[in-house]
Amino acid sequence: MSDPRRTGEPETARLQVREREGDRLDRYLSTHLSISRTRAADLIAAGCVRVNGAPVRKSYVPDAGDVIEAEIPAAAPTALEPEDLPLEIVHEDEHLVVVDKPAGLVVHPAPGHETGTLVHALLHRVGRLSSVGGDTRPGIVHRLDKDTSGLMVIARTDEAHRALSDALSRRQVRRGYVAAAWGGLEMEDDGLTIDRPIGRDPNDRKKMAVVEGGRPAVTHVRRIESWRSAELLAIRLETGRTHQVRVHLRSLGHPVVCDPIYAPGWERGFLGAGGRWAEALARRAQRLFLHAAHLAFEHPLTGEDLSFRADLPEPLASAVDWARQSGHADSQSPAGQSR
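Residues numbered from 1 in each chain as written. Predicted model: local features only at pLDDT ≥ 70, side-chain atom pairs only at ≥ 80, totals over all residues. Heavy atoms only, no water.

## Focus on the environment of Arg-250
Okay, so step 1: As for its placement among the helices and strands, Arg-250 is situated in helix α5 (residues 244–251).
Okay, so step 2: Sequence-wise, Arg-250 and Ala-209 are 41 residues apart; in three dimensions their C-alpha atoms are separated by 8.8 Å.
Okay, so step 3: Leave out the neighbours within four places in its chain, and Arg-250 touches Pro-255, Tyr-262 and Trp-266. (Helix = DSSP H or I, 4+ residues; strand = E, 2+ residues; numbered from the N terminus. Contact = heavy atoms within 4.5 Å.)

Take a look at the structure:
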């Protein structure tokens, strides 16, 4: 087991559990403090974590009203080598960075992706990142899938990291996406709310799925445009589960366009002219049609309200233009707008 007290003076993170999520303590801390599950387990084993003033095992399941206190010393300086990779920085100050991540870029090192990640690029561009996430996840407060593009906030200081993680757990960080989904969802004029728990797919542990007993997951969907065999959606996350948008839309039978995991080849299931149109859209999109277009939060140190938007990148933007011309689009609001 690694030594969680290896460097630095410990800081205490305090969490009050709002609702029972069903996760054991190490997983709960991993989610709400943006640290790895292994690091969370090490902290618990070393006696650095108390629930309601008493030490507990990592298997303990936090309940509503519990107060969790965790002493988290600074991690040792990362051994990761900075890499000069293309990176668009939207905002930067001494406490945090907001980036517009391109599709195809993995956020942090993991098996099979030891180099060439967003973390490596950030270490080259901005240098110091927070140590809360441990050696391989410095600065990472939340993540985007490899194939998803768009806005992310990165912490440069431990103080900012803890405050942003707390804001995420309190659902005070507003995250809006633009997605294209196959078919046409049934929804009221003011949109649709998907409230379905998400967990590991019992038939494929590499996937997520809507499962009984999974973690609470809430996604708000609003239609932007209707096309021949697909539609453009504005999506707002209330929770942030792994693959949440993709799993929720797939569970309704309307998966994200060009989703290689949850709907490979889905466009080939349409008939006639609608099928030819769907295949043409997929060829133009070329990648998962999911983009984190809006990010808003209160600056963790200054209290300033920050709000950022990122336009659809290519080839998604061109695919939208083509769909509008060929797919009888019914526009309701500009792409990229999320409320």
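## Regarding the side chain of His-291
Okay, so step 1: Residue placement: His-291 occurs in strand β14 (residues 290–298).
Okay, so step 2: A relative accessible area of 1% means that His-291 is categorised as buried.
Okay, so step 3: Side-chain polar atoms of His-291 contact the side chain of Ser-149, separated by 2.7 Å.
Okay, so step 4: Discounting residues that sit within four places of it in the chain, His-291 has contacts with Asp-100, Thr-148, Ser-149, Gly-150, Gly-176, Tyr-177, Val-178, Ala-310, Asp-311, Leu-312 and Pro-313. (Buried < 20%, exposed > 50% of the residue type's maximum accessible area, 1.4 Å probe, protein only. Polar contact = N/O pair within 3.5 Å; in protein donor to acceptor, adjacent residues only side chain to side chain.)

## Quick look at the packing of aromatic side chains
Okay, so step 1: By the definition in use, this model includes four aromatic pairs.
Okay, so step 2: Plain terms: the ring middles of Trp-227 and Trp-277 are 6.3 Å apart, the flat faces sit at 55° to each other, and that makes the pair tilted. In this pair, Trp-227 sits in the loop between β12 (218–226) and β13 (230–237) while Trp-277 sits in helix α6 (residues 272–285), placing the two residues 50 residues apart along the sequence.
Okay, so step 3: The class of Trp-277 is buried, set by a relative accessible area of 5%.
Okay, so step 4: Taken together, a centroid distance of 6.3 Å and an interplanar angle of 40° make the contact between Phe-297 and Phe-308 tilted. Separated by eleven residues along the polypeptide, Phe-297 in strand β14 and Phe-308 in strand β15 (residues 305–309) bring together distant segments of the chain. Neither Phe-297 nor Phe-308 differs from the other in exposure class; each is buried.
Okay, so step 5: Cluster of aromatic residues (ring-pair linked, three or more members): Trp-227, Trp-277 and Trp-322. (Phe/Tyr/Trp six-rings, centres within 6.5 Å; stacked < 30°, edge-to-face > 60°.)

## As for the pairing of β13
Okay, so step 1: Counting buried positions along β13 yields seven of eight residues, so the element is predominantly enclosed.
Okay, so step 2: Pairing of β12 with β13, which is carried by seven bridges, proceeds in the antiparallel orientation. When the sheet's bridge partners are listed, Arg-223 is paired in β13 with Leu-233.
Okay, so step 3: Linking β12 back to β13 in an antiparallel pair, the connection comprises three residues. (Pairing = 2+ DSSP bridges.)

## Brief notes about the confidence of the model for the protein
Okay, so step 1: Averaged over the protein, the pLDDT score is 88; the fraction of residues at 70 or greater is 92%.
Okay, so step 2: A low-confidence stretch, residues 1–7 (pLDDT under 50), is modelled with 21 contacts involving residues beyond four sequence positions or located in other chains.
Okay, so step 3: Note that pLDDT drops below 50 for residues 331–339; the model gives that stretch 28 contacts with residues more than four away or on any other chain. (pLDDT = per-residue confidence, 0-100.)

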